[in-house]
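# Reading the structure
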Amino acid sequence: MTTFTDPYASSQETTEGRVYSVTGGDWDALVTEIGATKEERVVVNMGPQHPSTHGVLRLILELEGETITETRCGIGYLHTGIEKNTEYRNWTQGVTFVTRMDYLSPIFNETAYCLGVEKLLGITNDVTERATVIRVMMMEFNRISSHMVALGTGALELGALSPMIFAFREREKVLDIFELVSGLRMNMAYVRPGGVAQDLPAGALSKIKQTVKDLRHNFKDNEKLLVGNSIWIKRTQGIGYLDLAGCTTLGITGPVLRSTGLAWDLRKAQPYCGYEDYQFDIPTTDTCDVYGRFLIRMQELEQSLRIIEQCVAKLEKLEGQPVMVADKKIAWPSQLSVGADGMGNSLNHIREIMGESMEALIHHFKLVTEGFRVPAGQVYTAIESPRGELGVNLVSDGGTRPYRVHFRDPSFNNLQSTAAMCEGGQVADVIAAVASIDPVMGGVDR
Amino acid sequence: MSEKGMFGVSGSGDTSGFGGLVNSTVITGSTQRPFGAYFDQVADDLERAYPLFSDAIEKVIVDRGELTLFVKRDRLFEVAKILRDELRFEMCVGVNGVHYPNESGRELHAIYSLLSITRNQRIRLEVSVSDQDPHIPSLVEVWAGTNWHERETYDMFGIIFDNHPGLTRIMMPDDWPGHPQRKDYPLGGIDIEYKGATVPAPSERRSYR
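Owing to the predicted nature of the structure, the values given are computational and were not obtained by experimental measurement.

Moving on to the domain arrangement of chain B. All names here are of chain B. Domain assignment breaks chain B into domain 1 (1-30) and domain 2 (31-205). Where domain 1 abuts domain 2, roughly 530 Å² becomes buried across the two surfaces, and 53% of that area is made up of carbon and sulfur atoms. Linking domain 1 to domain 2 there are zero salt bridges.

Another aspect to go through is the packing of helix α5 (residues 129-157) of chain A against helix α7 (residues 204-226) of chain A. Residues and elements named next belong to chain A. Between α5 and α7, the shortest axis-to-axis distance is 13 Å and the interhelical angle comes to 30°. By the angle between their axes, α5 is roughly parallel relative to α7. Crossing geometry of α5 relative to α7 is assigned as left-handed. Counted together, M137, F141, I144 and M148 of α5 and I208, T211, V212, L215 and F219 of α7 form the full contact between these two elements. Split into classes, the residues belonging to the contact of α5 with α7 amount to eight nonpolar, one polar and no charged.

Residue and element names in this part refer to chain A. Together, L347, I350, M354, M358, L361 and I362 make up a nonpolar patch on the protein surface, roughly 610 Å² of accessible area in all. Here I362 lies in helix α14 (residues 358-369). Exposure remark for I362: the relative accessible area of 42% places this residue in the partly exposed category.

This paragraph deals with α7 of chain A. Residues and elements named next belong to chain A. For α7, with 23 residues, the first-to-last C-alpha span of 33 Å sits near the 33 Å given by 1.5 Å per residue. For α7, every residue scored as buried is listed here: A204, L205, I208, T211, V212, L215, N218, F219, N222 and L226. Among the structural elements, α5, α6 (161-182), α8 (230-236) and α12 (290-317) are those in contact with the buried residues of α7. Immediately beyond the C-terminal end of α7, within one or two residues, lies G228, with a positive phi of roughly 85°.

Once that is clear, we can look at the interface of chain A and chain B. In this assembly, 52 residues from chain A lie in contact with 52 residues from chain B. When chain A packs against chain B, close to 4,500 Å² is buried across both sides, 52% of that on carbon and sulfur atoms. Contact with chain B buries surface across chain A, with K84, Q378 and Y403 of chain A losing the most and accounting together for 16% of the total. Taken together, chain A and chain B are joined by four salt bridges. Here the side of chain A that touches chain B gets five residues from one element, more than from any other, and that element is strand β10 (residues 377-385) of chain A. Of the residues assigned to the side of chain A that touches chain B, the class counts are 22 nonpolar, 17 polar and 13 charged.

Okay, the pattern of salt bridges next. Residue and element names in this part refer to chain A. Within this structure, the stated rule accounts for 42 salt bridges over all chains. For R258, the salt bridge goes to E384, with nearest N and O atoms at 2.9 Å. Within this pair, whereas R258 is found in helix α10 (residues 255-258), its partner E384 is found in strand β10, the two being separated by 126 residues in sequence. With relative accessibility at 0%, the residue E384 sits in the buried group. A salt bridge links E370 to K366; its shortest N-O distance comes to 3.3 Å. Accessibility expressed as a relative area gives 41% for K366, which makes it partly exposed.

Under the counting rule described, the total for this entry stands at eight aromatic pairs over all chains. Ring centres of Y275 of chain A and F280 of chain A lie 6.1 Å apart, and the angle between their planes is 65°; on these two criteria the pair is classed as edge-to-face. One exposure class covers both Y275 of chain A and F280 of chain A, and it is buried. Plain terms: the ring middles of Y38 of chain B and F39 of chain B are 4.7 Å apart, the flat faces sit at 70° to each other, and that makes the pair edge-to-face. You can call Y38 of chain B partly exposed: its relative accessible area is 27%. In this structure an aromatic cluster arises from ring pairing among Y272, Y275, Y278 and F280 of chain A. In this arrangement the basic side chain of R446 of chain A is found over the ring face of F412 of chain A, its NZ or CZ atom lying 5.0 Å from the centre.

Residues and elements named next belong to chain A. Strand order in the open sheet made by the three strands is β3-β4-β5, with antiparallel pairing throughout. The open sheet has two edge strands with one neighbour each: β3 (41-46) and β5 (67-74). Across this sheet, the average inter-strand angle for adjacent strands is 20°, counted without regard to direction. Here β3 pairs with strand β4 (residues 58-64) via six bridges, running antiparallel. Residue pairing across strands places N45 opposite I60, the latter belonging to β4.

The rules behind these values
- Residues numbered from 1 in each chain as written.
- Chains lettered and ligands numbered in written order.
- Predicted model: local features only at pLDDT ≥ 70, side-chain atom pairs only at ≥ 80, totals over all residues.
- Heavy atoms only, no water.
- Domains from an automatic or database assignment.
- Buried area = accessible area lost by both parts, 1.4 Å probe.
- Salt bridge = Lys/Arg side-chain N within 4 Å of Asp/Glu carboxyl O.
- Axes fitted to C-alpha atoms, helices over the stretch in contact; angles between N-to-C directions.
- Helix = DSSP H or I, 4+ residues; strand = E, 2+ residues; numbered from the N terminus.
- Parallel < 35°, antiparallel > 145°, perpendicular 65-115°, else oblique.
- Left-handed = near helix turned anticlockwise from the far one by under 90°.
- Contact = heavy atoms within 4.5 Å.
- Nonpolar A, V, L, I, M, F, W, Y, C, P; charged D, E, K, R; others polar.
- Patch = residues over 30% accessible without salt bridge, like charges linked within 9 Å, V, L, I, M, F, W, Y side chains within 5 Å.
- Areas by Shrake-Rupley, 256 points an atom, 1.4 Å probe, with all protein chains shown as cover.
- Buried < 20%, exposed > 50% of the residue type's maximum accessible area, 1.4 Å probe, protein only.
- Expected span 1.5 Å × (residues − 1).
- Phe/Tyr/Trp six-rings, centres within 6.5 Å; stacked < 30°, edge-to-face > 60°.
- Lys NZ or Arg CZ within 6 Å of the ring centre and 35° of its normal.
- Pairing = 2+ DSSP bridges.

In structure tokens, the structure reads:
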């Protein structure tokens with residue numbers, strides 16, 4: 001056996017057999033050394049720090065040559081205890097926490113959480129129409145930006161660089177809209193219990209209309225690159241197979257479920273936020289594979305644009321309506337405005353609470369330090385996030401802070417299908433299968 | 001449940017009176033028929049398919065338009081199987097744990113959210129066990145997707161799911177002591193040391209209730 005002194009690769013004898021650590025460097029020496037052993041079965045740790053595992057995901061692959069005999073996922077590397085933390089903050093502050101869970105779909109986390117809080121408060125029907133339409137519009141923009149990352153990084157992980165560049169170019173446009181509306185590009189804490197943090201700034205709708213036009217035009221670039229591309233098809237067609245029976249028993253939702261031909265989308269099946277009033281289709285394929293999921297995501301982009309256009313038309317009619325519930329015991333008191341210095345309290349509001357109205361000052365102080373009380377009980381609200389059913393379990397004990405916040409994140413659940421999709425396939429196809437699940441580790445680990 | 005005081009005042013010479021406040025909370029009691037919406041239909045179908053219904057279901061709560069069936073843990077597996085096979089609740093979308101330290105004898109709750117695509121309905125199962133005997137039968141055989149959810153609930157609450165194929169911690173490191181989402185487990189709990197200075201753990205800092 002050759003001995004080598006590569007500082008990046010070493011090996012040691014353990015009770016489980018010889019373990020090789022490789023962190024880059026000289027692969028030839030390693031291949032030579034492994035080739036000298038008789039064993040055909042190799043266990044490979046892919047990740048958690050690996051550029052193609054879609055985040056800090058650790059895949060433990062058992063291989064016979066190039067074929068995978070067993071796959072397991074190691075998760076928890078991004079566990080931040082967000083659910084525990086929310087129990088120590090008031091209900092409104094919870095938004096700031098949950099928006100950081102699945103960091104590619106912050107608006108969905110916020111909306112699901114706020115719909116739950118509103119259900120507990122019993123004010124679901126008091127949320128103004130303008131606030132709801134803004135939520136829908138922001139969610140659909142977020143679906144586009146999330147799908148852009150799914151498509152871009154998915155293609156990148158399979159070795160196609162250009163789709164990633166196009167996808168991130170479009171995502172940038174969507175993030176500009178987020179910045180214009182909420183002041184932040186991600187983790188906006190924009191949706192609040194009772195409405196949204198602030199109304200659209202002046203001129204936002206015309207910018208949004210222009211963006212929709214640009215996006216619709218630019219989406220064609222990626223479509224031309226990938227749809228029907230023979231290399232792309234060879235890498236994705238028939239890969240990562242999971243049929244309807246597998247999906248239901250594993251609780252899989254989202255594009256993976258729709259790639260089995262079942263048009264299950266909570267926006268149609270169990271509408272929330274007034275989705276029943278919008279015209280849109282649910283794209284499906286019946287191939288159960290990575291290519292089918294890719295096509296679904298591509299088509300959902302157009303459907304999201306359709307919904308955004310309808311939102312813009314509605315918002316033009318709803319000009320001037322409030323974006324927060326009227327009940328001053330619940331509505332967050334600050335009146336945010338995007339000023340020259342970024343986002344802050346509007347000067348008029350500060351003048352009012354500091355100099356003119358004792359009542360406003362008291363409300364502001366009480367709501368900000370203590371928060372509003374939420375009647376005891378538990379609810380489950382679910383919305384259709386880009387990755388599937390995003391469910392929120394909320395338990396209140398009647399206090400100003402949540403008793404328990406639990407997110408049923410679609411990434412967490414869907415990642416369980418990795419083994420079913422990968423076992424029996426090739427190592428290279430693991431990357432395609434995991435990319436088609438589109439897990440976001442922030443959501444998986446919370 | 002009750003909560004004493006306000007603004008986290010305790011053991012001080014507080015004269016504000018906030019420390020003497022007692023907030024008590026009433027958790028909704030059992031709901032009687034009719035339950036409303038599709039809930040009567042679900043209960044009827046389950047009673048028809050499962051003769052031991054009255055023995056297995058401790059109580060039914062309909063609150064805020066959602067149905068919760070409180071199931072005895074010994075019957076949970078049977079009830080789940082019938083809900084899947086006869087009532088066509090094809091999916092268990094998740095398991096959620098809640099710790100109620102004041103409910104003696106039933107401190108730990110596991111809550112299963114079920115979804116039927118065929119019926120387009122949702123219901124919820126709730127099982128409660130005591131701290132001393134935190135065993136619940138695993139539903140992985142019924143819905144394979146509960147695998148990770150049960151591991152998470154075990155990790156966070158210490159509920160042991162019997163017959164689970166591999167009940168190990170999922171979020172926390174394998175050698176982590178304690179179950180972080182329990183109410184007696186402090187947030188953080190460990191002082192933060194940085195360059196010789198110590199910041200008290202978040203659980204030791206001032207809090208507002």
